[in-house]
Amino acid sequence: MRVLIAEDQVLLRDGLTRMLTAYGFDVVATVADGTGLAERLVEVRPDIAVVDVRMPPTFTDEGLRAAIAARQQVQGLPVLVLSQYVERLYARELLADRAGAVGYLLKDRVGDVRQFVAALRQVAAGGTVIDPDVVARLLHGRDALTELTPREQDVLRLMAEGHSNAAVAEKLVITEKSVSNLINALFAKLGLPPSTSHHRRVLAVLAYLDDRDR
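Here we summarise the structure given alongside this text.

### A closer look at the overall build of the protein
Of regular secondary structure, the protein possesses ten helices and six strands. Considering the protein as a whole, with its 214 residues, one finds that 48% of them fall into the buried category. Working note: accessible area of the protein is about 10,300 Å², and carbon and sulfur atoms make up 49% of it.

So, in structure tokens, the structure goes:
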């Protein structure tokens, strides 16, 4: 699997390169600056890109902007964004194109190598991975939560973390049919009808995010 790493901190960049190489990934490019990153992503078209949100020259949101710009040119280009802090706006913008193959993880998660590698593979396969702490921030204190039962909140949290229905059922010790019923119920409460063009699991998180920012 071909990987592009965009990270300005040399120790983390080299550490990621060594770690992913050890796990059989092919690190085809590393980038230390946000300038020209979007063009580099489109040029290389990696199977997965690991991109820091804040990069030189301004250390604001160069990495995120480059990832969004590249995905506008190559829809579904797999990108896993790393951030030092929980930024709801960053998560919303990254997920806004609803094309899948995106991830948002806090840098602390890199320390759990197996979890991080699993997240990379999931995003590369077209899935969506959101850091549990980001999910908690998205859900905490929202008026919309009052319309969901505690069990529906549990299901949404696990679903947003990237778990399949089977995994959710296992964690909550209920049947997959019960999980499916709970998911349909929370989709209805969030006003997300069936669609062949949108990923309702992602839209559920976006609905929470948009509601809170109003």
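### So, the sheet that holds strand β6 (residues 128-130)
Strands sit in the order β2-β1-β3-β4-β5-β6 across an open sheet of six strands; the sheet is parallel. In this open sheet, the two strands that pair with only one neighbour each are β2 (26-31) and β6. Neighbour to neighbour, the strand axes of the sheet diverge by 20 degrees on average, direction disregarded. As paired elements, strand β1 (residues 2-6) and strand β3 (residues 48-52) share four bridges and run parallel to each other. Looking at the pairing, Ile5 lines up with Val50 of β3.

### Describing the layout of surface pockets
For the largest pocket, the calculated volume is near 200 Å³. Surrounding the largest pocket, 13 residues form its lining, Gln115, Ala119, Val129, Pro132 and Glu161 being those nearest its centre. Taken together, the elements giving at least two residues each to the lining of the largest pocket come down to α5 (113-124) and β6. When residues of the lining of the largest pocket are assigned to their parent elements, the largest contribution, four residues, is made by α5. Here the residues of the lining of the largest pocket are counted per class, giving six nonpolar, four polar and three charged.

### Focus: unusual backbone geometry
Geometrically, the link from Pro56 to Pro57 is a cis peptide bond, its omega value of 10 degrees lying close to zero. In the Ramachandran plot, Phe59 falls in the positive-phi region, its phi being about 55 degrees despite a non-glycine side chain. Position of Phe59 relative to the elements: it lies in the loop between β3 and α3 (62-73). Taking relative accessible area as the criterion, Phe59 reaches 45% and is therefore assigned partly exposed. Its identity as a non-glycine residue notwithstanding, Ala101 has a phi of 60 degrees, on the positive side. Assessed through its relative accessible area of 4%, Ala101 is described here as buried.

### Side note on the pattern of salt bridges
For the coordinates displayed, the defined rule picks out six salt bridges. Residue Arg157 pairs with Asp154 through a salt bridge whose shortest N-O separation is 4.0 Å. With a gap of three residues between them, Arg157 and Asp154 both fall in helix α7 (residues 150-160), about one helical turn apart. When its relative accessible area of 33% is taken as the criterion, Arg157 is described as partly exposed. Linked through salt bridges whose partners overlap, the residues forming this network are Glu7, Asp52 and Lys107.

### Quick notes on the packing of helix α1 (residues 10-22) against α5
Remark: α1 packs on α5, axes separated minimally by 11 Å, with the N-to-C direction vectors making an angle of 80 degrees. Judged by the inter-axis angle, α1 sits roughly perpendicular to α5. Residues Leu16, Met19 and Leu20 of α1 form the contact with α5, whose participating residues are Val113, Phe116, Val117 and Leu120.

Analysis parameters
- Residues numbered from 1 in each chain as written.
- Predicted model: local features only at pLDDT ≥ 70, side-chain atom pairs only at ≥ 80, totals over all residues.
- Heavy atoms only, no water.
- Helix = DSSP H or I, 4+ residues; strand = E, 2+ residues; numbered from the N terminus.
- Buried < 20%, exposed > 50% of the residue type's maximum accessible area, 1.4 Å probe, protein only.
- Areas by Shrake-Rupley, 256 points an atom, 1.4 Å probe, with all protein chains shown as cover.
- Pairing = 2+ DSSP bridges.
- Axes fitted to C-alpha atoms, helices over the stretch in contact; angles between N-to-C directions.
- 1 Å grid on protein atoms, 1.4 Å probe; cavity = no way out; pocket = protein on both sides within 12 Å on 5 of 7 lines; lining within 4 Å.
- Points joined across faces, edges and corners; volume = space filled by probe spheres on them.
- Nonpolar A, V, L, I, M, F, W, Y, C, P; charged D, E, K, R; others polar.
- Salt bridge = Lys/Arg side-chain N within 4 Å of Asp/Glu carboxyl O.
- Parallel < 35°, antiparallel > 145°, perpendicular 65-115°, else oblique.
- Contact = heavy atoms within 4.5 Å.

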